[in-house]
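Given next are the chains, with one letter for each unit.
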Amino acid sequence: MRKLFRIRTKIDIKLYNALALGVFLLVLILWTMLSEGGSISQIFLPSPKSVLTYLIHVFGSGQIWPDIGISAYRIFMGFVIAAVIGIPLGILAGTFNFAEALIQPLTEFIRYMPVPAFVPLIMVWFGIDESAKIALIFLGTLFQLIPMVADNVRAVPEDLLSAAYTLGAKRITVIMKVIIPAIAPRTMDTLRIMIGWAWTYLIVAELVAANSGLGYNILKAQRYLKTDAIFGGILIIGCLGLLTDRLFALANRKLFPWAEGGK
Amino acid sequence: MKKIIGLLLTLTLVISLGGCGSAPPASSSASSSKKITIGTSPYPAWYVWYIAKEENLFQKYDLNVDLVYFPVYSDSLQAFNTGKLDMLNIAACDMIAPYNQGVKFKAVMINDNSNGADGLVANTKYKSINDLKGQNVVTEYGTIEHFFLLKALESAGMKETDIKYTNMTVNDSGTAMLAGKVSAACVWEPSLSLALGSKDNHLLYSSANTPGLIPDLLIASDDLINKDRKDVTNLTNVYLDALEFYNQNPAKAVADMAKQADVSVDVMKQMMAGSKLFSVKDNISAMTEKQDSYKYLPYTLNDTAKFLQSVKMIDKIPSKPEDMLDTSFMQEISKTRKDFTPPDTKALAQK
Amino acid sequence: MFGRKKKVQTRSDAVIEAHVANSKIVVSNLRKAYVTKRMETVAIADVSIEILDNEFVSIVGPSGCGKSTLLRILAGLDEATGGTAILDDKLIDDPGADRGMVFQTYTLFPWLTVEENIHFGLKIRKIPKKQADEIVDRYLEIIKLKPFRKSYPKELSGGMQQRVAIARALANSPKVLLMDEPFGALDSQTKSEMQLLMRQIWQVDKPTVVFITHDIEEAVFLSTRVYVMSGQPSVIKANIPIYLSYRRSLELKDTTEFIEYRHKITALLHDKEANADVES
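So, a few notes on the structure that sits alongside this text. Just so it is clear, the structure is predicted and the values come from calculations on it, not from any experiment.

Okay, the overall build of chain C next. Looking only at helices and strands, chain C has seven helices and 10 strands in total. Expressed as a percentage of the 280 residues in chain C, the buried residues total 52%. Expressed as a percentage of contacts within chain C between residues at least 6 apart in sequence, the contacts between residues at least 24 apart total 71%. Counting every atom, chain C has about 13,100 Å² of accessible surface; 51% of that belongs to carbon and sulfur.

Next comes the structure, spelled out in structure tokens:
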């Protein structure tokens, strides 16, 4: 029993899993009790059963897949463009102090502007088609990515660069052959975190002006007070987010087995 | 440790104050007991409430009223359907879905019929509704305006699948039309005038083409009605008082409304022209005199429900649409109050 | 200074002949000062040393005396504020492959295997593959890590990583090998093993080595000469040639001669006077 409370001591894996599962079950039971008990109307809290029915219906009929597809496409595009632009800028800012002066103060400033507030502006600039949603995700993720990549670069131990110099490497080689490989696993992790944010911004975009996608689905459900569909939609997004998160984590382990703290 | 607690307390205080501050602006009157919340959003007939607010007409009945303003119409629907408001200004069509879902309310008064206040605006390169085939058309999903769009399409023999429909709030739709980002939008005032403000846009279809199709109502939750009939009656009287004030002093009335809508007096006058305001007699006639035309509210409701079902916006048609109405309040008022003709907003706009 | 021929006699069996045409490294009146706010902190006041070809020179001194800074200036990673450092008649400014370095922290590139790490400098110099492979093989053999050639640094112990670091530096054929307390982070057992290995490696090619340590025993064991630095603001206190047998094993540490050198240098280190150039 005492072992449970020892700091940083691992407990038996079976116990761990049992506890985690237990929490989920507890939530499920509470949820069922509250909704079936009738004290809260179905509009506020749909029963787990109705949410499950909804999920079975939309997956069974296959009607949810185009929405999942389009939402995933939007995130992918916005994310890739942000990565392609943001990672090099981050590397520059982390490597050269003058680049940092040019890039980071502005980035930090924009970073604190609330992305949802940009939505009406984006609609005026881009209209209402895919480019608008991709632009929103791009905006939301780029200005977070740049400082994080720059920090990753600065975290590369000075001695590693010194060692490269004493082996005859010149600046370009140091950037290409030392800094970039060194930051690879950390940057992959940064990307994993960013994908989580990308999902949030996607939903904001789809709530405001869309005719397809998971966010749009939720909006429609909201208009018809179909809270089981709203819950279901949120669950789907949550699971998809978790899935992308785990995929990135897996890719990190597989691509960079040499990294410290990995397998 | 003390520092941390102190910091947390300060933070909590700041957040809760901020939360209080961000509550929608109240329009309270006199002292009185419990507060009654009325939800309104941008639409001509509903700006009349702000005449009452500016001219302190709530005081007469010692009412403690909170006029909750929702810039986005759908948000006001959400709020009422989830029990956050006592009363709501709503388009008749949008009563049906919540009624089916079991939300408990009654329509107590008809504000107006939309007579040009709703419209399908399009870029001038589209000369007719048929030209919109395959084009981007926006409006608020699942609301009266969505319904109106489908009716407009129907009038040209088209279906929603013939165009590229995208959801957007009416406010955003107006802006999008001004920015030329969409081909067409279905909006109501004030967004309608806003969109038509650009010479690149013109009106393709108007509620003036469909008189009686779009009645707008004041509804009250069953809770409020059961708790306090008197307040409901009094509030209805306040609205009528505001209309009488409008008759007597149109300039001031329009100014009061323009202030809330944040538009010029002239624009407000033009906007009001699209709203055919109802008198007490009009109310009773529309709610009780059975006939097979849009002049009879339950007929309109039934017809609307049939259409909504055909486009799969609702699952079932209410068997007795009259049950959504409570005519008792207007009946009572007709006995205690001298009727009057409401302002002829079209004529006033011509002046 | 230049062109001095020197034949050095030792007291023990082996004779070391220093092949000296020119001195390899000449440091003249080197000074390093830091200016902070209104104060000037002088780390290195005035250091002049001369390192000949094929020498193994250790520099010992109290903590913070600037010996690491001196090494970094030689490596071109730091800049002196006064004086000069010259290698083979060329002024030292930028780092380069001619001055290989081994650091106290393990600086192996974690994303490269052991053999790829050793390859690194060769790749930059575009050495042809066959030749490079031979060099890598040879050094893997010398550091006795051939079975680990495809391992990643994270799979190696500290001692093993340092061996690879040494191999990586030496494989690149530098003119001088600079070593900054390379065994400082190791436990005493591993440290002794590494010292022996280092001596053996040196005995093969006799590269010119400048070695920083605060472990006097280590300095005496490995070196042909030991410089003693004073504390800040530092100068060279003493310059002690080590006349011990050429082939050294760990038992040497117990011999009288060894212990004498150790005592002498320890005394010099703790002596407050700044005596320059005491020849024994």
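All names here are of chain C. Tallying each qualifying case throughout the model produces 37 salt bridges over all chains. Its salt-bridge partner being D78, residue R72 comes within 4.0 Å of it at the nearest N-O pair. Given the relative accessible area of 21%, R72 is considered partly exposed. Note that D133 and K129 form a salt bridge whose closest N and O atoms lie 2.8 Å from each other. Pair noted here: D133 and K129 are both in helix 3 (residues 129-142), with a separation of four residues, about one helical turn. What makes K129 exposed here is its relative accessible area of 63%.

A word on empty space enclosed by the protein. A full pass over the atoms with the stated rule returns six cavities of 30 Å³ or more. Of the volumes computed, that of the largest cavity is approximately 140 Å³. Forming the walls of the largest cavity are 14 residues, and the residues nearest its centre are A:R223, B:D94, B:A97, B:P98 and B:G142. Of all the secondary-structure elements, those providing two or more residues to the lining of the largest cavity are helix 3 (73-81) and helix 4 (96-101) of chain B. Partitioning the lining of the largest cavity into residue classes produces nine nonpolar, three polar and two charged. Size it by volume and the second largest cavity reaches roughly 80 Å³.

Here the focus is the packing of aromatic side chains. In total, this model carries 25 aromatic pairs over all chains according to the counting rule given. Centre to centre, the rings of B:Y99 and B:F105 are 6.5 Å apart; their planes meet at 80°, and the pair counts as edge-to-face. You can call B:F105 buried: its relative accessible area is 2%. Look at C:F183 and C:F211: their rings are 5.9 Å apart centre to centre, the planes differ by 50°, and that puts the pair in the tilted class. You can see C:F183 sitting in the loop between strand 7 (176-180) and helix 5 (188-205) and its partner C:F211 sitting in strand 8 (residues 208-212), a full 28 residues away along the chain. Put simply, the rings of A:F256, A:W258, C:F109, C:W111 and C:F120 pair up and form one aromatic cluster. Note that B:K151 overlies the ring of B:F307, its terminal NZ or CZ placed 4.8 Å from the centroid. It is C:K253 that lies over the ring of C:F221; its NZ or CZ is 5.4 Å from the centre.

Considering only enclosed or pocket space, the largest pocket measures out at about 1,000 Å³ in volume. Along the wall of the largest pocket there are 34 residues; nearest its centre are A:K220, A:Y224, B:Y141, B:K312 and B:M313. Elements with a minimum of two residues in the lining of the largest pocket: helix 2 (48-60), helix 3 (64-95) and helix 9 (214-223) of chain A together with helix 4 and helix 5 (144-155) of chain B. Partitioning the lining of the largest pocket into residue classes produces 15 nonpolar, 10 polar and nine charged.

This part takes up unusual backbone geometry. Here the bond from B:E189 into B:P190 is cis, since omega is 0°, no more than 30 degrees from zero. Positionally, B:P190 belongs in the loop between strand 8 (184-188) and helix 7 (191-196). In this model, C:Q232 is joined to C:P233 through a cis peptide bond whose omega is -15°. Secondary-structure assignment places C:P233 in the loop between strand 9 (225-229) and strand 10 (234-241). Unlike most non-glycine residues, C:K37 shows phi in positive territory, near 45°.

Let us now look at the interface of chain A and chain B. Each side of the interface is counted separately: chain A has 21 residues, and chain B has 23 residues. A combined buried area of about 2,000 Å² lies between chain A and chain B, and 58% of that area is made up of carbon and sulfur atoms. Among the residues chain A hides against chain B, the three largest losses belong to A:I128, A:R223 and A:Y224. Together they make up 35% of the total. Summed over the shared surface of chain A and chain B, the result is zero salt bridges. Linking chain A with chain B are four residue pairs in polar contact (both at pLDDT 80 or more). Put simply, the parts of the chain that give the side of chain A that touches chain B at least two residues each are helix 5 (115-126), helix 8 (171-208) and helix 9 of chain A.

So, about the interface of chain C and chain A. By a widely used convention, the size of an interface equals the accessible area lost when the partners come together. With 23 residues of chain C at the contact, the number on the chain A side is 22 residues. Both faces considered, chain C and chain A share a buried interface measuring about 1,900 Å² in area, 70% of it formed by carbon and sulfur atoms. When the buried surface of chain C facing chain A is broken down by residue, C:W111, C:I124 and C:K154 rank first, second and third, together holding 35% of it. At the junction of chain C with chain A, the criterion picks out zero salt bridges. At the junction of chain C and chain A, the tally comes to four residue pairs in polar contact (both at pLDDT 80 or more). Sorting the residues of the side of chain C that touches chain A by element identifies strand 6 (99-102), helix 2 (114-124) and helix 4 (158-171) of chain C as the ones contributing at least two each. Its residues assigned to classes, the side of chain C that touches chain A shows 13 nonpolar, six polar and four charged.

How each quantity is defined
- Once a new chain begins, its residue numbering starts again from 1 and follows that chain's sequence as written.
- The lettering of chains begins at A and the numbering of ligands begins at 1, in the order of writing.
- Residues qualify for local features only when their pLDDT is at least 70, as the model is predicted, and side-chain atom pairs are given and counted only at 80 or more; totals for whole chains, interfaces and linings, by contrast, use all residues.
- Each side-chain value is derived from all of the structure's non-hydrogen atoms; neither hydrogens nor water enter the calculation.
- Here a strand is any run of E in DSSP of at least two residues, a helix any run of H or I of at least four, and the numbering for each starts at the N terminus.
- Relative accessible area decides the class of each residue, using a 1.4 Å probe on protein chains only: under 20% of the type maximum gives buried, over 50% gives exposed, and in between gives partly exposed.
- Contacts are residue-level and defined by heavy atoms, with any inter-residue pair within 4.5 Å sufficient.
- The Shrake-Rupley method, run with a 1.4 Å probe sphere, supplies the accessible areas, and residue values consider only the shown protein chains as cover.
- The working definition used for a salt bridge is a side-chain nitrogen of Lys or Arg within 4 Å of a carboxyl oxygen of Asp or Glu.
- Buriedness for pockets is judged along seven lines, at least five of which must meet protein on both sides within 12 Å for an open set on the 1 Å grid over protein atoms alone, while cavities are sets there where a 1.4 Å probe fits but cannot get out, and lining residues have an atom within 4 Å of a point.
- Grid points are joined across faces, edges and corners, and a volume is the space filled by probe spheres set on the points.
- Following the grouping adopted for this structure description, the nonpolar residues are Ala, Val, Leu, Ile, Met, Phe, Trp, Tyr, Cys and Pro, the charged ones are Asp, Glu, Lys and Arg, and the polar ones are all others, Gly among them.
- Centres within 6.5 Å are what make two rings of Phe, Tyr or Trp a pair, Trp counting through its six-membered ring; a difference in plane orientation under 30 degrees is then read as stacked, over 60 as edge-to-face, and the rest as tilted.
- Should the NZ of a Lys or the CZ of an Arg lie within 6 Å of a ring centre and within 35 degrees of the ring normal, that charge is described as sitting over the ring.
- Once two parts are put together, the accessible area they lose, assessed with a 1.4 Å probe and summed over both, is termed the buried area.
- The term polar contact refers here to a pair of N or O atoms within 3.5 Å; inside protein, the definition further demands a hydrogen-donor-capable atom paired with an acceptor-capable atom, and it admits residues adjacent in sequence only when both atoms are side-chain atoms.

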